Structures are given as structure tokens and as C-alpha cells.
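# Overview (structure and organization)
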2 protein chains.
Amino acid sequence: MSDIEIFDLGDLQLQRGEVLMDAKLAYGTYGTLNDAKDNVIVMPHGYSLQHPDMEWLIGPDMALNPEKYFIIVPNMFGNGLSSSPSNTSAPHDGPRFPKVTIGDNVRVQHRLVTEKYGVERIRLVTGWSMGGLQTFQWASLYPDMVERMAPTCGAAKCARHNYVFLEGVKAAITADATWNNGDYDEPPKVGLRAMSRVYAGWGFSQTFYREEEDLKLGFETLEDFLVGFWEGLFMERDANNLLTMLWTWQHGDISDNALYNGDINKALGAIEAKAFVMPCRHDLYFPPEDSKIEVAQMPNAELRVFESIYGHIAAFSLNPVDVEFHNDTLRELLET
Amino acid sequence: MSDIEIFDLGDLQLQRGEVLMDAKLAYGTYGTLNDAKDNVIVMPHGYSLQHPDMEWLIGPDMALNPEKYFIIVPNMFGNGLSSSPSNTSAPHDGPRFPKVTIGDNVRVQHRLVTEKYGVERIRLVTGWSMGGLQTFQWASLYPDMVERMAPTCGAAKCARHNYVFLEGVKAAITADATWNNGDYDEPPKVGLRAMSRVYAGWGFSQTFYREEEDLKLGFETLEDFLVGFWEGLFMERDANNLLTMLWTWQHGDISDNALYNGDINKALGAIEAKAFVMPCRHDLYFPPEDSKIEVAQMPNAELRVFESIYGHIAAFSLNPVDVEFHNDTLRELLET
């Protein structure tokens, strides 16, 4: 649907001190910016995804209607389209790619929206998983600008349990000696396969597997699902890219900046947007209890829970019932 | 407390067809068998453990009182004390150690109890995790013999989600090239470290980590907990032993025998024991929903839930409140 567009960031000063030379923000757009510049939706994406992966949520019959809104889907640093280990020249190639925070990501998205498009108000920021983290970061860093927000299966700060889950993912990739501290000649396939299997238990709920939803999705066996779905998600990704985004996730904290100095309640309390915070009842790494704690700190937020056995994947495209709830909830939010 | 005792099994015909030569069942005992031979408790242990690891639940002030009961703690095949890849000579050494089912384990325990001790009735079978699986297997294979049962954080059959979680653990160990398909010269330390990190997210609940219970246990930081607790659990284990027990777990199914022919409801329905089935509310791989489904098939069973944020580890020794509930519930069961 959308071609890839590039916003040149020049030499980018990053939060943790490094300068990323000739940095690029890749993004996709859907629809047309109106003259009043007040029809903008920003939708950051989740871990290991790229902007086309979000197109299932956009369409003329959907809440995110490109005939009405101008929808920008920015690519995260490290996702292979924006500046990433896999597409950056020396000295920042491969494992030498600098550490990028969620704040770094959102600040360059803000530059894109303001400098390139001259936009001052955003109708809605919404995103899934790490896209939810970016959604929180947008609304907290730019409270005057973000009118509505809907983070789905995400959080404002990486929970300690979530951090531990990601330690397992990281350890699986890096246990493969082919990885070679990031200077690999061939992809560390054994490690990527291992991380796919580690991820598989987390992505969907226990009930999803008990009720054999994987087979209902068309896979022949559980093993077929582990290979066809999970390995399919990760085997073709670049390991350094995955590790870069994983670091961003593990260190995700919307209060990690001079405005809030690590005070997460202050960072949440500063949000002015009308917010629907949308966890899934059976998400194993963003449990709704975490979202409830966040909502209690936000002045204008409601909890809207995916009642789904799809767990973390409820807010992705697989389950029609969840997609309907997702779309209806976004529509309701956009109409307020 | 207990020396290790050995029961010689001779050349053991295993369920999947292989014969394990000169097989050994190692076990520990606590207390004295009375003349009536009616004071026996059998307590199988969980994954990667050995009989001394269960001694925290045994004592003169505990429900499992060795002054009253004769408590037998059998070691699983593959745990390093009973026949295992690490202590078996060629041709069944290392990765050539045969596949052992949970039925194989329980059948040799039955031989120990009947042939060595002449016991016909068992007062209680109880065990944690894979020990719970063995508990179900005992009561289902020998319904005339098992009077009471209390599986804690376990199941009668490895759930599909649990299987997937274990795929991640297995993939982490075997991603280390040092593993060399089980013929390693040095332990695959990178793989063992990786599997420890994978396990860490599953062992305790999200809330456990949110409330920083790891720090309350005396660890300085989350990283300190991952190393000191989790790597401490697994780094000194033999990788082939871990993989042997993991196979047993993944293929655990108390109906996988000629009696029940894979009909799990029939296998559960055959149990006559008075049963307290004891999952933990926040166990991430034995969710209480699974236990509830099992209890519905059992003629004489009640659900007794650990209301604990310790998750799967609630039924181990770490949390005094859980230990008290555990002990009180076993006492109540023994007194019925």
C-alpha cells in the first residue's frame, strides 16, 4: 500500500551519548494530510516489525481510514528500514551500532511530524507492544500535541518480568557461537531458531494452546506452528537488528529523560491525551495488572481489555474477533 | 538427613522399546516402616532435582513426619543419581541414554515399594511439578494402592503450552555448539546459562518480579538473582541429564499405557485416591485452569490453590506463607 519514505536526520545525537552519523528515519504514510493539518495519526510498530506489517489495521472501512486521516507509520531504529546494524556503514555497523532508547525513537518521529509536515496536533497515537511503549512516550514527551492515545498490549516502562523474559530471548540468540559477538559471516540460524521457540511460549496464552487455536489457524501440528509461524517471524531477521531493538525494549522507560528524571508516575501524570489503554486479559508479558497501575496515574485514561485467549497477539491481526474489538475501540476513541 | 540407597533393577525393559542395562533406582528414606507396613508416603521430585532437595518438607513438626511415616523419595531417571546419561556406561552413555517415560519411572518405584518393602497400600503420594506428574501416574496406574494424593503445581499430562515452553528451554541448551549433540568434552556452559535465563521468566509470576520479591530474598539486583538463583540451579547439572528429564516431561501423559490407551479422562477417572490437587494461582506453566479440568474428571478430588505470587515456585521451599499452606493442606489430607 505505501512506498517507503526516508527522512534524513543528519548526524544524530543519541540519549546515551553516541552520535549516529547520517541517521535515517524510514516511514510509510497512508492517506493525505489535510490543509488544516489536523487529521494526523501516528502508529509506531512493535518488536521486529516494519511499517507494512501494520497495514492490516488501515483501510477505508476501518477506524484508521486513509480517506479521512493521514496515517504515519514510522520504523523503529534497528528494524532494518530505519538506521539499523544491518544497513549502517562503519564505524556503526553490526554490533557497533549505538544503543538507542525509546526516547530517541520518538524524538526523531516528532521531528518528522513537525519539521517535514508542519503538524502541531496529532489526532491519535496508537501502537502495539513496543508500539505501545512509543505511544506512551509520545503522549508523555509531547502532552500538548497528542490528543488521543491507544497503546495496545504495551507498557510505559519495561516491567522487571518482561525484562527477564527478554533476557531469555537474548540468551538464546547469543548462545549460538556463529553469532560471534555480532560479527557473524553467516546468520546465527541455530540461535534465531532457538529464540523463536523461546518466544513461542510467551506470545500466546496457555488457553490458546490448550484449545489448539494454532491448528485452527491452519497449521498441521504444533511443530508445524513452531516452524511455520514462529521461525517464520524471526529466521529472516538480522540478529544484530533484533538485539538492538531488544535493548531498546529492555531499557524502555518513558520517564528516562530530563523532564521526568526516572519518575514514572510523573511521566504518566503529565499525559493529557484521552487514553484507552488496551492490554489483553491473557497477555503473559504485559499483564493487565500492569496497565491498571498505569491508568491509575493518568488523568484521562480508561482501561479497555482484549478479552481474548490470543494473549499478546490479540492486538495483532490474527483473530477476527479481536480485530473487531480493536477497530471498534479505536473508532470510539477517534469519535470522542 | 538420608543416605542414598540403591535398588537394582537389572536389565530394564522400557516402554518405548529399549532395554536399559543394569538399571539403578536411587532413593532416600526418612523414618521407619512400621510392622503393619501402612505408614508409607512416596514423594517423587521435580525437574532437575534430587531426593535431598525435598527434605525441607520433611520433619518432626511437619505433616510429613518421619517419626510417624516412612517416607520414600525416589530419584527420577536422568537426575544424576538414578540411572542417567551422566552415570551410565556405553552403549547407553550420554546422548545414547534411552528415552524414559513417566510410566517407566513410576513402574520401577512401584517395584521398589512392593518388592523391596512388601508394601501394599500407600498412605499418600505427593510431589511437586514433575513430581506431581508422577503422583498422578501412581494413583492412576495403581488405584488400589494409593489412598491419598496431592500433586502440587503439576499435571497428569504435559499441556501443549507447557510443551512449547520446554521447547524453548531445550533450544537454549542445544544452541550451544559445545553441546555437540550430547557428546561434549566440556559442559555447554553458554547453553546452560541461556536455559537458566529462559527458565527465569517462567518460574515466578509477573507479580513476583513487579513486587521485587527477588530482592526480598536477599539478592542485590535482578541480575544477581538471575545468576545467583537461576544459573545456580542449572549450571552444575549435566546437559544430557537435563535433556533426558525434559523429554520425559514433554511426553508425560498418565494415559500413555495399555490400561488407558491415551484416554486421559479414563486415566483420571480410574483414580480412587482422595485427592487434593494443588496448583498455584499464578503458575505460568501449570495454570489452575488445567488442574480444574483434571479435578472434574476425578471421582474424589478437590482443588486446593496456592494463592501466591510465587507462581510455580510456590510449592517449593522459598516462601514461608506458601510452605505453611502446603504443610497444613498435606496434614489435613493425611488426617482424612
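Not measured: the values here are computed from a predicted model. (Residues numbered from 1 in each chain as written. Chains lettered and ligands numbered in written order. Predicted model: local features only at pLDDT ≥ 70, side-chain atom pairs only at ≥ 80, totals over all residues.)

### As for the sheet that holds strand S4 (residues 70–74) of chain A
Residues and elements named next belong to chain A. Here eight strands make up an open sheet; going across it, the order is S1-S2-S4-S3-S5-S6-S7-S8 and the pairing mixed. Only two strands of the sheet have a single neighbouring strand rather than two, namely strand S1 (5–13) and strand S8 (301–303). The mean inter-strand angle of the sheet, taken between neighbouring strand axes irrespective of direction, is 20 degrees. Relative to strand S2 (residues 19–30), S1 runs antiparallel, the two sharing seven bridges. Bridged to aspartate 8 within S2 is lysine 24. Along the sheet, helix H1 (residues 102–116) contacts S1, S2, strand S3 (40–42) and S4; its crossing angle with S1, the most-contacted strand, is approximately 120 degrees. Along the sheet, helix H2 (residues 130–141) contacts S3, strand S5 (124–128) and strand S6 (148–152); its crossing angle with S5, the most-contacted strand, is approximately 155 degrees. (Pairing = 2+ DSSP bridges. Helix = DSSP H or I, 4+ residues; strand = E, 2+ residues; numbered from the N terminus. Axes fitted to C-alpha atoms, helices over the stretch in contact; angles between N-to-C directions. Contact = placed C-beta atoms within 7 Å.)

### A closer look at the domain arrangement of chain A
All names here are of chain A. Examined at the domain level, chain A breaks down into domain 1 (5–155 + 254–335) and domain 2 (162–245). A separation of 23 Å is found between the C-alpha centroids of domain 1 and domain 2. Taken together, the contact between domain 1 and domain 2 spans 23 residues of the former and 23 residues of the latter. Residues of the side of domain 1 that touches domain 2, tallied by class, amount to 13 nonpolar, ten polar and no charged. (Domains from an automatic or database assignment. Nonpolar A, V, L, I, M, F, W, Y, C, P; charged D, E, K, R; others polar.)

### Examining the interface of chain A and chain B
Listed as interface residues are 30 residues of chain A and, on the opposing side, 30 residues of chain B. Counting residues per element, the side of chain A that touches chain B draws most heavily on helix H3 (residues 160–174) of chain A, which supplies nine residues. Residues belonging to the side of chain A that touches chain B are distributed by class as follows: 17 nonpolar, six polar and seven charged.

### Some details on the packing of helix H4 (residues 189–203) of chain B against helix H7 (residues 222–234) of chain B
Residues and elements named next belong to chain B. In contact at an axis separation of 9 Å, H4 and H7 are set at 115 degrees when each is read in the N-to-C sense. Judged by the twist between their axes, the crossing of H4 over H7 is right-handed. Contacts between H4 and H7 involve Leu192, Arg193, Met195, Ser196, Arg197, Tyr199 and Ala200 on the former and, on the latter, Leu226, Trp230, Glu231, Leu233 and Phe234. Here the contact of H4 with H7 is built from residues that sort into eight nonpolar, one polar and three charged. (Left-handed = near helix turned anticlockwise from the far one by under 90°.)

### A short note on the relation of the copies chain A and chain B
For the pair chain A and chain B, the superposition axis carries a translation of 0.0 Å, the fit reaches an RMSD of 0.0 Å, and the rotation angle comes to 180 degrees. Expressed as an axis order, the relation between the two copies is that of a two-fold axis. (Least-squares fit on C-alpha atoms with pLDDT ≥ 70 in both.)

### Structural notes on unusual backbone geometry
The step from A:Ala90 to A:Pro91 runs through a cis peptide bond, and the omega angle for that step is 10 degrees. Of note, the phi angle at A:Cys153 is positive, near 45 degrees, even though the residue is not glycine. A:Cys153 gets classed as buried once you count the C-beta atoms within 10 Å, which come to 27. Phi at B:Glu212 takes a positive value of approximately 55 degrees, unusual for a residue other than glycine. (Buried ≥ 20, exposed ≤ 12 C-beta atoms within 10 Å, placed from the backbone.)

### Things to note about the nonpolar core
Grouped together as the largest cluster of nonpolar side chains are 220 residues, with contacts concentrated most on A:Ile71, A:Ala172, B:Ile71 and B:Ala172. Leave out the neighbours within four places in its chain, and B:Ala172 touches A:Ala171, A:Ala172, A:Ala175, A:Ala194, A:Val198, B:Gly191, B:Ala194, B:Met195 and B:Val198. (Core = buried A, V, L, I, M, F, W, Y, C linked by C-beta atoms within 7 Å.)

### Some thoughts on the sheet that holds strand S8 (residues 301–303) of chain B
Residue and element names in this part refer to chain B. The eight strands lie next to each other as S1-S2-S4-S3-S5-S6-S7-S8, forming an open sheet whose pairing is mixed. On the outer flanks of this sheet lie strand S1 (5–13) and S8, each paired with one strand and no other. Adjacent strand axes in the sheet meet at a mean angle of 20 degrees when their direction is disregarded. Packed onto the sheet, helix H1 (residues 102–116) meets S1, strand S2 (19–30), strand S3 (40–42) and strand S4 (70–74) and runs at close to 120 degrees relative to S1.

### Notes on H1(B)
All names here are of chain B. Compared with the 21 Å implied by 1.5 Å per residue over 15 residues, the 21 Å span of H1 between its first and last C-alpha is a close match. Along H1, the residues classified as buried are Ile102, Gly103, Asp104, Asn105, Val106, Arg107, Val108, Gln109 and Val113. On its buried face, H1 sits against S1, S2, S3, S4, helix H2 (130–141) and helix H8 (239–250). Glycine 118 sits one or two positions beyond H1 and adopts a positive phi of about 65 degrees. (Expected span 1.5 Å × (residues − 1).)

### Here we look at the confidence of the model for chain A
A residue-level look at chain A finds 100% of positions with pLDDT of 70 or above and a mean pLDDT of 97. Prediction confidence for the complex, expressed as pTM and ipTM, is 0.97 and 0.96 respectively. (pLDDT = per-residue confidence, 0-100.)

### A word on helix H7 (residues 222–234) of chain A
Helix length check: H7(A), at 13 residues, gives a terminal C-alpha distance of 17 Å against a target of 18 Å (1.5 Å per residue), a fit within 8%. By the burial criterion, the buried members of H7(A) are A:Phe225, A:Leu226, A:Trp230 and A:Phe234. The buried residues of H7(A) occupy an angular sector of 100 degrees when the element is viewed end-on, so they sit on one face. Close packing links the buried residues of H7(A) with helix H4 (189–203) and helix H6 (213–216) of chain A together with helix H3 (160–174) of chain B. (Arc of directions from axis to C-beta.)

### Concerning the environment of B:Ala200
With respect to the element layout, B:Ala200 can be found in helix H4. Residue B:Ala200 is classed as buried on the basis of its 24 C-beta neighbours within 10 Å. Distance from B:Ala200 to B:Glu212, taken between C-alpha atoms, is 14 Å for residues twelve residues apart in sequence. Look past the residues within four positions of B:Ala200 in its chain and what remains in contact with it is A:Val164, A:Glu167, A:Gly168, B:Leu226 and B:Trp230.

### Examining the pairing of S2(B)
Judged from the four bridges that link them, S2(B) and S4(B) form a sheet pairing that is antiparallel. By the bridge assignment for S4(B), B:Thr29 is matched with B:Ile72.

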